[in-house]
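Overview (structure and organization)
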Protein chains: 2
Amino acid sequence: MDIQGLSDKVVAQDRRALARAITLVESSREDHRAQAAALVEEIRRKAPHQAVRIGLSGTPGVGKSTFIESFGTFLTEQGLRVAVLAVDPSSARSGGSILGDKTRMERLSRNPNAFIRPSPSQSHLGGVARRTREAVALCEGAGFDVILIETVGVGQSETVVAEMSDLFILLLAPAGGDELQGVKRGIMEMADIILVNKADGDLKATATRTCADYSGALRLLRKRPQDPQDFPKAMTVSALEEDGLTKAWEEMRTLTDWRRENGHFEGRRAAQARFWFEEEVKQALLAQLQTAAAKGAMDQLGLDVATGAVSPSVAAQRMLEQLKHS
Amino acid sequence: MDIQGLSDKVVAQDRRALARAITLVESSREDHRAQAAALVEEIRRKAPHQAVRIGLSGTPGVGKSTFIESFGTFLTEQGLRVAVLAVDPSSARSGGSILGDKTRMERLSRNPNAFIRPSPSQSHLGGVARRTREAVALCEGAGFDVILIETVGVGQSETVVAEMSDLFILLLAPAGGDELQGVKRGIMEMADIILVNKADGDLKATATRTCADYSGALRLLRKRPQDPQDFPKAMTVSALEEDGLTKAWEEMRTLTDWRRENGHFEGRRAAQARFWFEEEVKQALLAQLQTAAAKGAMDQLGLDVATGAVSPSVAAQRMLEQLKHS
């Protein structure tokens, strides 16, 4: 593959080239992996452009597609170029991806200043994570200003998305009464802004109440050094009526500007880069267990261990010997 | 070291030999590790005795030491030999161990049918876990009938203890009102029996109420195939007044007997052995990153990644190359 040519085209904002480049980073073939790394490095060198990376988490039913459609369109109307990527480790199972059905974002998908890419069908979260990070780098090289990285929040996917975002947004639906929606404390602690969607029609009052509940919950969290006053915060939006989007974007900009001025923006990116470097090294070491031969040996030794024929430690030593000589 | 001689003495129930054997499995020296594995294997072969392994979790303040003292003494009065081990990854930090202060179990520590061993001072949970599993095997070889494995529940230590126990007991203190004590759902789901301690004096009524709360909470959990009717269950005990201990032991026996008859006892041990085998293989692969040279390289590459001089993927590839040639 002509890495030079492809990188030139991506940097020149050729959408087809970008799509092809992302297909390359999605491949798990060994030769493709090496090419992908070279491509990402080349593009990083040619176009050290920096987008705002916004992680967006929301379970099915909160209106995430509608929000991305409205918010993405709003951003393009501000003259910004928007890319949408997804981290969905479950997409392999369901056979499709959350963004597979582009018709759910019909308007945005036809917008020349927007680029939507569904989650690749890989069940392994580590694989999806690496591919998404590389796709983010490619989109930055292709000059996008805002990159939305969405997730449905299956398993650890929220943590993965937060670890590659400059901002982490939690999208919620209005909830009856004062019940918080079973949002785990860990997720709350990752959120920079909570958006309570569907603040329209019959649900408007409920949305306002829900927002107040979450504002209260956020105030109980420990203050983080990377936040200016009043952050993290909760606010209402209506993706359907395109209401609150300007305000939401303003808040996101206030937060990123503050972090840039205080060194937290670059600091976070540096910490993330280091995290992913260590993560990749560990994953690669553990990947030795994923070859067919290794799996077979693990299964056989696992049986011996289960029947008590050999102790876990001795079996582990035998396995490690085998890996050493393979 | 004379592994044959040491194993003979351990099997002959020589307490000093057992203590020395545990010191050997606690060592992280490479030559000691190999000797320890040989010793455990030898003892397993010579004395395939099976104890009941009881995991016991309880945060400081619930009266865990008093409970172990009372319950351990009670068991010895039933003619049983009892070993007490601890999993406490925090003990390295605090400089001592939860069981370091044997004076807190003065009576039990002087009991010839009891053996108490504090948690080794290792901050690495994986290290503590392996040492404890091997110590369990040594205690079984030394003919102990019941092995209590206690933890204060720091980080993942409850999961570690549950993964090496036949029964998992959660010890709680009476709580005012109907507040559950912030016990995580995951911990509740691991518990076979919840014991609400301090059901004596002024706290008796509160303990009964707390017990009812937890009984209710346990009923809401999904039924597990490895449980007979009425399990998991909650009950009150008073370690101080030695009240409820007979009943608690009866319940533990009912549960283990049922599991033995239904194949779940051996099934659980088989699954645990397999789990630890896989865990040891993974830990050994990742241990390549713990040498001084590897740490230095990781730090240097981590800096390059943080400053943006190189991408996480390229840095990871360089690190893996380095490991291959070291």
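The coordinates are above.
First, a word on scope: everything that follows refers to the structure included in this document. Per chain, residues are indexed from 1 in the order of the written sequence. Chain labels run from A onward and ligand labels from 1 onward, assigned in the order the entries are written. Totals for whole chains, interfaces and linings use every residue, but because this is a predicted model, local features are given only for residues with pLDDT of at least 70 and side-chain atom pairs only at 80 or more, for both listing and counting. Excluded from the side-chain calculations are hydrogens and water; all other atoms, namely the structure's heavy atoms, are used.

Describing the interface of chain B and chain A
As a reminder, the rule being used: Note on contacts: a residue pair is in contact if any heavy atoms of the two residues lie within 4.5 Å. When two components associate, each loses some accessible surface as probed by a 1.4 Å sphere; the sum of these losses over both components is called the buried area. Definition used for salt bridges: Asp or Glu carboxyl oxygen within 4 Å of a side-chain nitrogen of Lys or Arg. Identification of polar contacts relies on pairs of N or O atoms within 3.5 Å, with a donor-acceptor requirement for protein atoms, meaning one able to donate a hydrogen and the other able to accept it, and with residues adjacent in sequence counted only if both atoms are side-chain atoms. Secondary structure counts use DSSP, requiring at least four H or I residues in a row for a helix and at least two E residues in a row for a strand, with both numbered from the N terminus. For this classification, the nonpolar set comprises Ala, Val, Leu, Ile, Met, Phe, Trp, Tyr, Cys and Pro, the charged set comprises Asp, Glu, Lys and Arg, and every other residue, Gly included, is treated as polar.
Facing the 39 residues of chain B at the interface are 39 residues of chain A. With both sides pooled, the region where chain B packs onto chain A buries about 3200 Å², and carbon together with sulfur makes up 71% of that total. Its largest share of buried area at the contact with chain A, chain B owes to Arg274(B), Phe277(B) and Leu285(B), together 20% of the area lost on that side. For the pair chain B and chain A, the number of links is zero salt bridges. Our count for the contact surface shared by chain B and chain A stands at eight residue pairs in polar contact (both at pLDDT 80 or more). For the side of chain B that touches chain A, the elements supplying multiple residues, two or more each, are helix H3 (30–46), helix H7 (125–141), helix H12 (264–286), helix H13 (292–306) and helix H14 (312–324) of chain B. Residue composition of the side of chain B that touches chain A, grouped by class: 24 nonpolar, six polar and nine charged.

Thoughts on the relation of the copies chain B and chain A
Copy one and copy two of the chain differ by a rotation about a common axis and a shift along it. Applied cut-off: We place the copies in one frame by least squares, fitting the C-alpha atoms of every residue whose pLDDT is at least 70 in both.
It takes a turn of 180 degrees to lay chain B on chain A, together with a shift of 0.0 Å along the axis; the resulting RMSD is 0.1 Å. Here the copies are linked by what is in effect a two-fold axis. Closest to the rotation axis within chain B is the C-alpha of Leu285(B), separated from it by 3.1 Å. By residue overlap, the copies meet face to face through one surface: 100% of the interface positions of chain B are interface positions in chain A.

Quick notes on the sheet that holds strand S4 (residues 146–151) of chain A
Within a beta sheet, neighbouring strands are joined by backbone hydrogen bonds and run either parallel or antiparallel to one another. All names here are of chain A. What counts, and what does not: A strand pair is defined by DSSP finding two or more bridges across the two strands. Axes, fitted as lines to C-alpha atoms, cover a helix only where it is in contact. Angles between the N-to-C directions of the axes lie from 0 to 180 degrees.
Taken together, the seven strands give an open sheet; going across it, the order is S3-S2-S4-S1-S5-S6-S7, and neighbouring strands pair in parallel fashion. At either end of the open sheet lies a strand with only one pairing partner, and these are strand S3 (114–116) and strand S7 (233–236). For this sheet, the mean inter-axis angle between neighbouring strands, taken without regard to orientation, is 20 degrees. Bridge count for strand S6 (residues 193–196) against S7 is four bridges, and the pairing is parallel.

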